[in-house]
Amino acid sequence: MFIRKITIFLFVLAASSAFIFVKPAEAIKLNIDPPRIEFSVKAGKTVNGMVTLANEEKDTALHIKVYLQDLIYLPDGTNDFVSPGSTPWSCAKWIKIRPVEFELLPGGKQNVRFNLLVPPDTKGGRYAIIFFEASPALISGKRGASVDVNIRMGTIVLLTVQDTVIYKAKLTNFEISDSDDKDFLNIAVSVYNNGNVLIRPIGKVKIEDENGKKIDEMDFNVKGGGVLPKTGREFIVKYKKPASEGKYNGIITIDYGGEVLIGGQSKFTVSTGN
Amino acid sequence: MKFIFITLLLVSITTICLAGEFTMSTDTSNVSFGEMAIGDWKELGGGTYHNQLTCKSTNGKTWYVKIYVLAPLTSGTKTINNSYFKYMPGWTNGTGSVQNQYSFIAFSGISSLVYVSGPDDNSGSDVYLQFKYGLSIPANQVAGIYNTTVRYVMTETL
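Throughout this document, residue positions are counted from 1 along each chain, in the order its sequence is written. Written order decides the labels, with chains lettered from A and ligands numbered from 1. Side-chain atom pairs in this predicted model are given and counted only at pLDDT of 80 or more, local residue features only at pLDDT of at least 70, and totals for whole chains, interfaces and linings cover all residues. Computation of side-chain values: all heavy atoms of the structure, hydrogens and water removed.

**Here we look at the pairing of strand E17 (residues 262–270) of chain A**
Turning to step 1, where the next piece is worked out: We call a residue buried when its accessible area falls under 20% of the maximum for its residue type, exposed when it is over 50%, and partly exposed in between, using a 1.4 Å probe and counting protein chains only. Each helix is a run of DSSP H or I of at least 4 residues and each strand a run of E of at least 2, with the numbering of both proceeding from the N terminus. Burial along E17(A) is one-sided: the residues A:Ile262, A:Gly264, A:Ser266, A:Phe268 and A:Val270 are buried and none of A:Gly263, A:Gln265, A:Lys267 and A:Thr269 is.
Turning to step 2, where the next piece is worked out: The pairing criterion is simple: DSSP has to find at least two bridges between the two strands. Hairpin connection, strand E16 (residues 246–255) of chain A to E17(A): the antiparallel pair is bridged by six residues, and A:Gly257 has positive phi, about 100 degrees.

Encoded structure:
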């Protein structure tokens, strides 16, 4: 009995050693396809989706973890990610993924499938991100002081519940003022989304002199940055000051996807020495 | 028989056309500072860089890269504050914007924006982003083997 216990102990030790002392793999290369999936579904229905992961490294096996998070917008226009189900526009809790953890051999591919069950009475737009974390499959535990590097890539899921979408928005601020750079003005535009679906307000800002003559025009939110339902977002556009001093009028027209455009005006003055 | 062959060929071509690329790679997954003494400052990357990310998208949409550290450098119960551990975004061939390019920035547990793609980066070209790292050892730091994980994140915007 004692000998048997020793044998088992040595076997476990040998198996563990194989993981502890393997030289760490170096490079990581992961492809996900697609990085964005859009669904238009009736409430109460289920849709299925799939993301294909490819390990494009020839020598490194990857350990992959798959999980869901919610998205929010940051002031710089990028997204931050929070716990699933923590935002009112989330669909993360309705998504079931399989598999959620696996190893991807060098050059290997794996389909990650998911289904999304839209609860009855759901309205508007819902959003989530499926993250894929990749690290080398075999990592030594005995490498001295060091930092591991791994990567995380995401597939954004955009769900629209058919026949329930309400597009509604208002312009809450439109102001043209001095910026940190004396040669430029800041055009600040704040849009509040009163509807129940993500909007991407785009439009134009026209600059007129005090006689109503158009002197310039520029696009607003060219990249199509979004505003989530029941939230506001400020967009800042830098604008080179008119060469001549005087009084000016800025006029903005915004198309947010609703039936009507929204707009506003902002007066500003350019004076010598500004 | 010939008809069946042609049909299969068409299906195959359709599949190829639909496949997109959204890829990120790093040429090394380890940042090793080796032995350091109290008060030392060590940079990894020399005159060039320590690791290079390669990002690629054929999706036509803006994407970005962020960086964060999962936890402070830790040895047992001892930690080195994130303010002593820094990264420097260096050269890129991309047409987008690099945040704090050529400056050492202290790591944070909150992800920091490194790169936002430009219009020319969204149609399948390889975009290279190079990084250096630096670490200083604070006074009174207890000796130990300190480890942590740095994570790079690549996504499109919602």
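**Considerations on the interface of chain B and chain A**
Turning to step 1, where the next piece is worked out: Contacts: residue pairs with any heavy atoms within 4.5 Å of one another. Counting from both sides, the interface comprises 43 residues of chain B and, opposite them, 45 residues of chain A.
Turning to step 2, where the next piece is worked out: Between chain B and chain A lies a buried interface of about 3600 Å² when both sides are counted; carbon and sulfur atoms form 51% of it.
Turning to step 3, where the next piece is worked out: The salt bridge criterion pairs a side-chain nitrogen of Lys or Arg with a carboxyl oxygen of Asp or Glu, the two atoms within 4 Å. Our enumeration of links across chain B and chain A arrives at two salt bridges.
Turning to step 4, where the next piece is worked out: In the analysis that follows, any N or O atom pair within 3.5 Å is treated as a polar contact, provided that within protein one partner can donate a hydrogen and the other can accept it, and provided that, for residues neighboring in sequence, both atoms belong to side chains. At the boundary of chain B and chain A, one finds 25 residue pairs in polar contact (both at pLDDT 80 or more).
Turning to step 5, where the next piece is worked out: Looking at the side of chain B that touches chain A, the elements that each hand over two or more residues are strand E1 (22–26), strand E2 (30–32), strand E5 (63–69), strand E11 (112–116) and strand E13 (147–156) of chain B.
Turning to step 6, where the next piece is worked out: No other element matches the ten residues that E13(B) contributes to the side of chain B that touches chain A.
Turning to step 7, where the next piece is worked out: In the scheme used here, Gly and all other residues not listed as nonpolar or charged are polar, with Ala, Val, Leu, Ile, Met, Phe, Trp, Tyr, Cys and Pro taken as nonpolar and Asp, Glu, Lys and Arg as charged. Partitioning the side of chain B that touches chain A into residue classes produces 19 nonpolar, 18 polar and six charged. By buried area we mean how much accessible surface two parts lose on assembly, using a 1.4 Å probe and totalling the loss over both.

**Focus on the domain arrangement of chain A**
All names here are of chain A.
Turning to step 1, where the next piece is worked out: Domain start and end points were adopted from an automatic or database domain assignment. Considered domain by domain, chain A is made up of domain 1 (8–161) and domain 2 (169–270).
Turning to step 2, where the next piece is worked out: Counting residues at the interface gives eleven residues for domain 1, matched by eleven residues for domain 2.
Turning to step 3, where the next piece is worked out: Counting each side, the surface lost to burial between domain 1 and domain 2 is near 820 Å², with a carbon and sulfur contribution of 61%.
Turning to step 4, where the next piece is worked out: Contact with domain 2 buries area across many residues of domain 1, yet Tyr73, Trp89 and Tyr127 alone supply 61% of it, more than any other trio.
Turning to step 5, where the next piece is worked out: Where domain 1 meets domain 2, there are zero salt bridges.
Turning to step 6, where the next piece is worked out: For the pair domain 1 and domain 2, the number of links is three residue pairs in polar contact (both at pLDDT 80 or more).
Turning to step 7, where the next piece is worked out: Looking at the side of domain 1 that touches domain 2, the elements that each hand over two or more residues are strand E4 (62–73) and strand E9 (125–136).

**Remarks on the layout of surface pockets**
Residues and elements named next belong to chain A.
Turning to step 1, where the next piece is worked out: Space inside the largest pocket adds up to approximately 790 Å³.
Turning to step 2, where the next piece is worked out: Using only the protein atoms, space was sampled on a 1 Å grid; points where a 1.4 Å probe fits but cannot get out form cavities, open sets with protein on both sides within 12 Å along at least five of seven lines form pockets, and lining residues are those with an atom within 4 Å of a point. Around the largest pocket, the lining comprises 29 residues; the ones closest to its centre are Gly77, Asn221, Lys223, Gly225 and Arg233.
Turning to step 3, where the next piece is worked out: Considering only residue class, the lining of the largest pocket consists of eleven nonpolar, eleven polar and seven charged.
Turning to step 4, where the next piece is worked out: Of the domains in this structure, domain 1 (8–161) and domain 2 (169–270) are the two that each give at least three residues to the lining of the largest pocket. Grid points are joined across faces, edges and corners, and a volume is the space filled by probe spheres set on the points.

**Examining the environment of A:Lys45**
Residue and element names in this part refer to chain A.
Turning to step 1, where the next piece is worked out: Secondary-structure assignment places Lys45 in the loop between strand E2 (36–41) and strand E3 (46–55).
Turning to step 2, where the next piece is worked out: Given the relative accessible area of 48%, Lys45 is considered partly exposed.
Turning to step 3, where the next piece is worked out: Setting aside anything within four residues of it in sequence, one finds Lys45 in contact with Leu116, Leu117 and Val118.

**Some thoughts on the sheet that holds strand E15 (residues 232–240) of chain A**
Residues and elements named next belong to chain A.
Turning to step 1, where the next piece is worked out: Spatial ordering of the open sheet is given by E11-E12-E15, a layout of three strands whose pairing is antiparallel. Bordering the open sheet on either side are strand E11 (169–178) and E15, each of which pairs with just one other strand. When strand polarity is set aside, the average angle formed by the axes of neighbouring strands in this sheet is 15 degrees.
Turning to step 2, where the next piece is worked out: Examined bridge by bridge, strand E12 (residues 184–193) and E15 share nine bridges and lie antiparallel to one another. Counterpart to Ala188 in the pairing with E15 is Ile236. Here an angle of 0 to 180 degrees is reported between the N-to-C directions of two axes, which are lines fitted to C-alpha atoms, with helices fitted over the stretch in contact.

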